[in-house]
Amino acid sequence: MVNVLDVEQAHLEEIFEKDYGMDRLKLMFNRQRELMAKYHDIEKRNGCLQTEDVPVDLNSTLGQQRLKDLNSRVCEELYEAANCLHNKPWKVSLMETDIDHYYEELADAWHFFIEMLISAGIDEQKLFELYFKKSEVNKFRQRSNY
């Protein structure tokens, strides 16, 4: 089995250079689109592909089922990440965290989250816009003691 510890930093730098200095968020979205294309046939063969549409029709039952499935995958990976955190406020002894495993589970969640965004019709530019619009709303709320 291969995990994040098996990938060298130098290899990541090669990826970044090969992709012509593309911004990293765009690079992640492009990589996820590649993965989605490769897993498409596997999910279809296994009966797990609710719809062929990308982006999905947000008003259709099948499109919504696909998004709910991806949402569940994100939550499952976040739960797996949380399971790496063993220290509890009521315990006296502290346990060491497997930080690499924790980070890998967060990366798994990010993969599925990007896939959910792509499936919902949100690309890296739209995500950027949505994030900063919401950020401005939050800043306003903080200023106005909302």
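Rules used in this analysis
- Residues numbered from 1 in each chain as written.
- Predicted model: local features only at pLDDT ≥ 70, side-chain atom pairs only at ≥ 80, totals over all residues.
- Heavy atoms only, no water.
- Helix = DSSP H or I, 4+ residues; strand = E, 2+ residues; numbered from the N terminus.
- Patch = residues over 30% accessible without salt bridge, like charges linked within 9 Å, V, L, I, M, F, W, Y side chains within 5 Å.
- Areas by Shrake-Rupley, 256 points an atom, 1.4 Å probe, with all protein chains shown as cover.
- Salt bridge = Lys/Arg side-chain N within 4 Å of Asp/Glu carboxyl O.
- Buried < 20%, exposed > 50% of the residue type's maximum accessible area, 1.4 Å probe, protein only.
- Phe/Tyr/Trp six-rings, centres within 6.5 Å; stacked < 30°, edge-to-face > 60°.

1. A word on the environment of L35
Part 1 of the reasoning: Following the sequence through the fold, L35 ends up in helix α2 (residues 24-45).
Part 2 of the reasoning: Spatially, the C-alpha atom of L35 lies 9.4 Å from that of H111, the residues being 76 residues apart in sequence.

2. Re a nonpolar patch on the surface
Part 1 of the reasoning: On the surface, L78, I99, Y103 and L106 cluster together into a nonpolar patch covering about 370 Å² of accessible area.
Part 2 of the reasoning: Per-element accounting of the nonpolar patch gives the leading share, three residues, to helix α4 (residues 99-119).
Part 3 of the reasoning: Since its relative accessible area comes to 51%, Y103 is described here as exposed.

3. With respect to the packing of aromatic side chains
Part 1 of the reasoning: Counting across every chain of the model gives four aromatic pairs.
Part 2 of the reasoning: With centroids separated by 5.9 Å and ring planes inclined at 25 degrees, the aromatic side chains of W110 and F113 adopt a geometry described as stacked. A residue pair is termed a helical-turn pair when its members lie 3 or 4 positions apart in one helix, as W110 and F113 do in helix α4 at three residues.
Part 3 of the reasoning: Ring geometry for Y131 versus F132: centroids 4.9 Å apart, planes at 80 degrees, classification edge-to-face.

Nothing here speaks to function; it is geometry throughout.
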